[in-house]
Number of protein chains: 2
Amino acid sequence: MQSVSKIIADIAAGRDTPAGAIARSRAAIGERDNEIHAFEALAPEGTGTASEGPLAGIAVGVKDIFDTHDMPTRYGSPIYDGFRPRADAPIVAMARARGAYVIGKTVTTELAFLDPAKTVNPHDPAHTPGGSSSGSAAAVAAGMIPAAIGTQTGGSVIRPAAFCGVAGYKPSFRLFPTGGMKTFAWTLDTAGFFAANVADVALFAALLGGRDLGADPVTSPPRIGLYRSEIDNEASAEMRDAVTRAAAIAERAGATVVEVCEPEQIRRGRDVHAVVQGYEAAISLAHELAFHSDELSGVLRETLEEGRSIPPNAYDEARRAARHARKTATGLFDEVDILLAPSAPGAGPLRSLGTTGSALFNKVWTLTGNPCVNVPGLADSAGMPLGIQLIGRFGRDKQTLQAARWLEGEIAAGPRP
Amino acid sequence: MQSVSKIIADIAAGRDTPAGAIARSRAAIGERDNEIHAFEALAPEGTGTASEGPLAGIAVGVKDIFDTHDMPTRYGSPIYDGFRPRADAPIVAMARARGAYVIGKTVTTELAFLDPAKTVNPHDPAHTPGGSSSGSAAAVAAGMIPAAIGTQTGGSVIRPAAFCGVAGYKPSFRLFPTGGMKTFAWTLDTAGFFAANVADVALFAALLGGRDLGADPVTSPPRIGLYRSEIDNEASAEMRDAVTRAAAIAERAGATVVEVCEPEQIRRGRDVHAVVQGYEAAISLAHELAFHSDELSGVLRETLEEGRSIPPNAYDEARRAARHARKTATGLFDEVDILLAPSAPGAGPLRSLGTTGSALFNKVWTLTGNPCVNVPGLADSAGMPLGIQLIGRFGRDKQTLQAARWLEGEIAAGPRP
């Protein structure tokens, strides 16, 4: 995989140039994307590769749910065939302003929902790369680009990162802008990032947002809460074992590991996620449902029709439950620095199953807005990546990324059973 | 002025038809808008006027900062000349789904900021109608349409409503969707509404959102907090007198009126509004600043350039101050139902002064997200409207509108000095 940190260090040391790094990304896309199908559109060759700024030389893939002024923006839907926005989405404009090169639009599932798209998992093309940020995760995993931007409304950053074996970072809610993104659910939609490893994704997000997100790794091991909930039964035996292994590695490396049982308010938050998402999506996509119903997938049309029938007071009640879950989640971090849980029930399912996998282990943390990181490095017996998820306190993105970086290093260094 | 309640009642009673009501709105626009300049674009004649639904027969003006699929959307900026979005903004799609007729796009100042637009004040064309929702307020005030949609990031709903002598309602933050709106500042941008009087604006918002917002007026007078702060000195003597008169009328009609002194945390919130707005606007409009700087007004370009220089930690600090202000604001409603304050420093200034007026009395309540209502009915010695503002507890939109409706009625019935 391409490394953000290495490219930036090599350019700083005069061993590489921005144009050279971007030419390599473009060549890698040319070589691999006819198999991976991670890109929906590419920037015209020979434009804008000589930028200056902290992200100069970094070729970024942007999920095709964000507007770009110089490339078509399809939102993964035939409704938007041929659409060319007038302006870049704010996060795209930020990337360009920092010197990044927006090399292409990465494949999204239809309107960032569940209907699987054409992208395959670089570890095995028979498997889904996850969704809805399918192309962003796969493009990084396939070594085509060093960094990508995606979004998560349920589990659309952490899940594909886990399935593709890359680092995924869902920031605290509203830390990065979602303007110019096709809205799905306005209290849930969160911009997120993909890179080869945690240090790379932290560096990319830090340089993009101008914030310190933990350039220095932690020197003392974190206090880890091994998160236990009723949905653990939905995880595969191999995934449960991966979490246990990660906890054991952390403990041997000096971390404190305690079990944290899911509070009722957070369980309840997971239950109401669908109400919040469905109600908001039915409003957000009311135009598409009214004028383009025939061009929607069955799964999305049904979700919107169900969402339209949710009464406002049921939505208001769900939002209250979300607030309670958020407050309760904050309290969990009085005793621990970080929570450890599966990123997904297991490895990415077979594409023939017609699913991008389950957001079960992600959605409540999208609802509460806590920062989450998928830590890569573990795999199942078939060699498919198994992602583990670290969840941090709201607003403590730096500490979350530092702990994830520490754990990733210990997993890479540690003994394997 | 046209009345939402009357049109709906007349249609229900068979005295009017949706098509007839809309034809009258269209005729009124034809007669008056060449003087008022409230509209940026009109819907093609003869389309969609026979809708069904609770808002059938209501011609709605939509601030031209929201996308519409069937009309150009200019965001008040030459950068967007000729732009035709693919989809309706969610709030526009909601209005259509409830049977409203989107009769036209109303004039906005440039990108919903401060640069005055072409609209004049219907009470005196030498005066500003206020901004940024200039056309929405003026179109209702001039009797062209019964209801309009606008947005407020500083004072862009309450201020023009006050200057134009109509009811303006800024809902609790995120009660209505802002997707498909050109983002200015994502933690501040709030959709809001205009109608002839408070009962009309409450009915319109209730039918649009499907929520009970006080169909029945309050039977017992509210407990009113007369809000006192250091900015009261910025209000004209006539405005201070208008607030005093309103309080006296309320008290004579049975309301409890107590003075509430501005807490330090709310004063601090008002101070940091510019930091939050400037930082977010510089990101939201980074594309326009990078690619279309020459097509921006001086006031906006300077604001964006200043915003770009605000360090993230200063923004984070301002957001923390905003959270403190929000919590403190909630506490104020333990003792009172509603706060009473000026909607603006006075009547709408002369257009020759090159300003849409000041958001000084509005911006902290946008930052805290509290519901606000401009109550019309008072005027200065020249006959120009003086708006007074009721501020309610976050999430208590119904109670806020009920109290505003009660006060509006007492002002209309009460003695004048």
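It should be noted that the structure appears before, not after, this text.
Calculation notes
- Positions within a chain are numbered from 1, following the residues in the order the chain's sequence is written.
- By the order in which they are written, chains take letters starting at A while ligands take numbers starting at 1.
- For this predicted model, a pLDDT threshold of at least 70 governs which residues receive local features, and a threshold of 80 or more governs which side-chain atom pairs are given and counted, while totals over whole chains, interfaces and linings are taken from all residues.
- To get the side-chain values, all heavy atoms of the structure are used, and hydrogens and water are removed first.
- Working definition: helices are DSSP H or I runs of at least four residues, strands are E runs of at least two. Numbering for both runs from the N terminus.
- Atoms considered for the radius of gyration are the C-alpha atoms alone. The globule rule reads 2.2 Å times the number of residues to the power 0.38.
- Exposure categories follow from relative accessible area, calculated using a 1.4 Å probe and restricted to protein chains: below 20% of the type maximum is buried, above 50% is exposed, and the middle band is partly exposed.
- Note on contacts: a residue pair is in contact if any heavy atoms of the two residues lie within 4.5 Å.
- Using a 1.4 Å probe, accessible areas were evaluated by the Shrake-Rupley method; residue-level cover was limited to the displayed protein chains.
- Only Phe, Tyr and Trp rings take part, Trp by its six-membered ring, and two of them pair if their centres are within 6.5 Å. Stacked means planes under 30 degrees apart, edge-to-face means over 60, and tilted covers everything else.
- Here, a strand pair is defined by DSSP locating no fewer than two bridges between the strands.
- Axis lines are fitted through C-alpha atoms, for helices just across the contact stretch, and the angle between N-to-C directions can take any value from 0 to 180 degrees.
- By buried area we mean the combined loss of accessible area, with a 1.4 Å probe, across both parts when two parts are placed together.
- Throughout this description, the term salt bridge denotes a Lys or Arg side-chain nitrogen within 4 Å of a carboxyl oxygen of Asp or Glu.
- The definition of a polar contact used here is a pair of N or O atoms within 3.5 Å, where within protein one atom must be able to donate a hydrogen and the other to accept one, and adjacent residues in sequence count solely through side-chain atom pairs.
- As used throughout, the charge tally considers Lys and Arg to be positive and Asp and Glu to be negative, leaving His and the chain termini uncounted.
- Helices are assigned an expected span. That span is 1.5 Å times one less than the residue count.
- Superposing the copies works by least squares over the C-alpha atoms of residues that have pLDDT at least 70 in both of them.
- Every crossover in which the path from the first strand over the helix to the second runs clockwise, viewed with the strands pointing away from the viewer, is termed right-handed.

### So, the overall build of chain A
Regarding its fold elements, chain A presents 13 helices and 11 strands. In terms of C-alpha radius of gyration, chain A reaches 20 Å, essentially the compact-globule figure of 22 Å for 417 residues. Taken over 417 residues, chain A has a buried fraction of 63%. Across chain A, contacts joining residues at least 24 apart in sequence account for 78% of those joining residues at least 6 apart. As displayed, chain A offers around 14,100 Å² of accessible surface, 50% of which is attributable to carbon and sulfur atoms.

### Here we look at the packing of aromatic side chains
Residue and element names in this part refer to chain A. Overall, the coordinates contain 18 aromatic pairs over all chains when judged by the stated rule. Centroid distance Y227 to W365: 5.3 Å. Interplanar angle 70°. Geometry classified as edge-to-face. A residue pair is termed long-range when its members are at least 10 positions apart, and Y227 in strand β7 (residues 223–228) and W365 in helix α12 (residues 363–368) qualify at 138 residues. Grouping residues by exposure puts Y227 and W365 together as buried. Through successive ring pairs, a cluster of aromatic residues spans Y169, F176, F193 and F204.

### A look at the sheet that holds strand β1 (residues 39–42) of chain B
All names here are of chain B. Sheet architecture is open: 11 strands sit in the order β1-β3-β2-β4-β6-β5-β10-β11-β9-β7-β8, paired in mixed fashion. Where the open sheet ends on each side, the last strands, each with one partner, are β1 and β8 (256–261). Taken pair by pair, the neighbouring strands of this sheet meet at an average axis angle of 30°, ignoring direction. Strand direction decides the pairing type here: strand β10 (residues 372–379) and strand β11 (residues 385–391), joined by 6 bridges, are antiparallel. Within the sheet, the bridge partner assigned to C372 lies in β11 and is I391.

### Comments concerning the interface of chain B and chain A
The accessible area lost on association of the parts is a frequent measure of interface size. Across the contact, 34 residues belong to chain B and 34 residues belong to chain A. Per-residue buried area on chain B facing chain A is highest for R86, R174 and H287 of chain B; these three make up 26% of the total on that side. The tally of links from chain B across to chain A stands at 2 salt bridges. Ionic pairing is found between D316 of chain B and R211 of chain A, a salt bridge with its closest N-O pair at 2.5 Å. Put simply, chain B and chain A have 10 residue pairs in polar contact (both at pLDDT 80 or more) between them.

### A look at the side chain of D380 of chain A
All names here are of chain A. On the secondary structure map, D380 appears in the loop between β10 (372–379) and β11 (385–391). Despite its burial, D380 pairs with no opposite charge, the nearest such side chain being R245 at 8.5 Å. Within polar-contact distance, the side chain of D380 engages the backbone nitrogen of A382 at 2.9 Å.

### Some words on helix α6 (residues 198–209) of chain B
All names here are of chain B. Counted at 1.5 Å a residue, the expected span for α6 with its 12 residues is 16 Å, and the 16 Å between its end C-alpha atoms agrees. Burial within α6 is extensive, with 9 of its 12 residues counted as buried. Among the residues of α6, those classed as buried are V198, D200, V201, A202, F204, A205, A206, L208 and G209. Two or three places before A199, at the opening of α6, N197 has a side-chain oxygen 3.2 Å from that residue's backbone nitrogen. The positive-phi residue at the C-terminal boundary of α6 is G210, with phi of around 75°.

### Description of the pattern of salt bridges
Inspection of every chain in the model, using the stated rule, returns 37 salt bridges over all chains. The residue R15 of chain B makes a salt bridge to D10 of chain B at a minimum N-O spacing of 2.7 Å. On the basis of relative accessibility, which here comes to 60%, the residue R15 of chain B falls in the exposed class. Here D10 of chain B falls in the buried class, since its relative accessible area comes to 11%. Between E35 of chain B and R32 of chain B there is a salt bridge, and its shortest N-O distance comes to 4.0 Å. Note that E35 of chain B and R32 of chain B are positioned in helix α2 (residues 18–36) at a spacing of 3 residues, about one turn of the helix. Each of K6, D10 and R15 of chain A takes part in one network of salt bridges that share partners.

### A look at the environment of L300 of chain B
Residue and element names in this part refer to chain B. Among the structural elements, L300 can be located in helix α10 (residues 298–308). The spacing of L300 and L114 is 186 residues in sequence and 7.5 Å in space, taken between C-alpha atoms. Each residue touching L300, except ones within four places of it in the same chain, is listed here: E110, L111, F113, F184 and L285.

### A closer look at the relation of the copies chain B and chain A
Superposing chain B onto chain A takes a rotation of 180° plus a shift of 0.0 Å along the axis, which leaves an RMSD of 0.0 Å. The two molecules are tied by a two-fold rotation axis, judged by turn and shift. When the interface residues of chain B are mapped onto chain A, 100% of them are again interface residues, pointing to one common binding face.

### Some details on the environment of M71 of chain B
Residue and element names in this part refer to chain B. Its place among the elements puts M71 in the loop between β2 (59–63) and α3 (90–97). By relative accessible area, which is 0% here, M71 ends up buried. Separated by 200 residues in sequence, M71 and D271 place their C-alpha atoms 38 Å apart. Filtering out sequence-adjacent residues up to four positions away, M71 remains in contact with A41, L42, A43, R84, P85, V102, G104 and K105.

### Quick look at the pairing of strand β8 (residues 256–261) of chain A
Residues and elements named next belong to chain A. Sheet analysis places β7 next to β8, joined by 6 bridges and oriented parallel. In the sheet register, R228 faces β8, and the bridge partner there is C261. A crossover links β7 with its parallel partner β8, the connecting element being helix α7 (residues 237–252), and its sense is right-handed.

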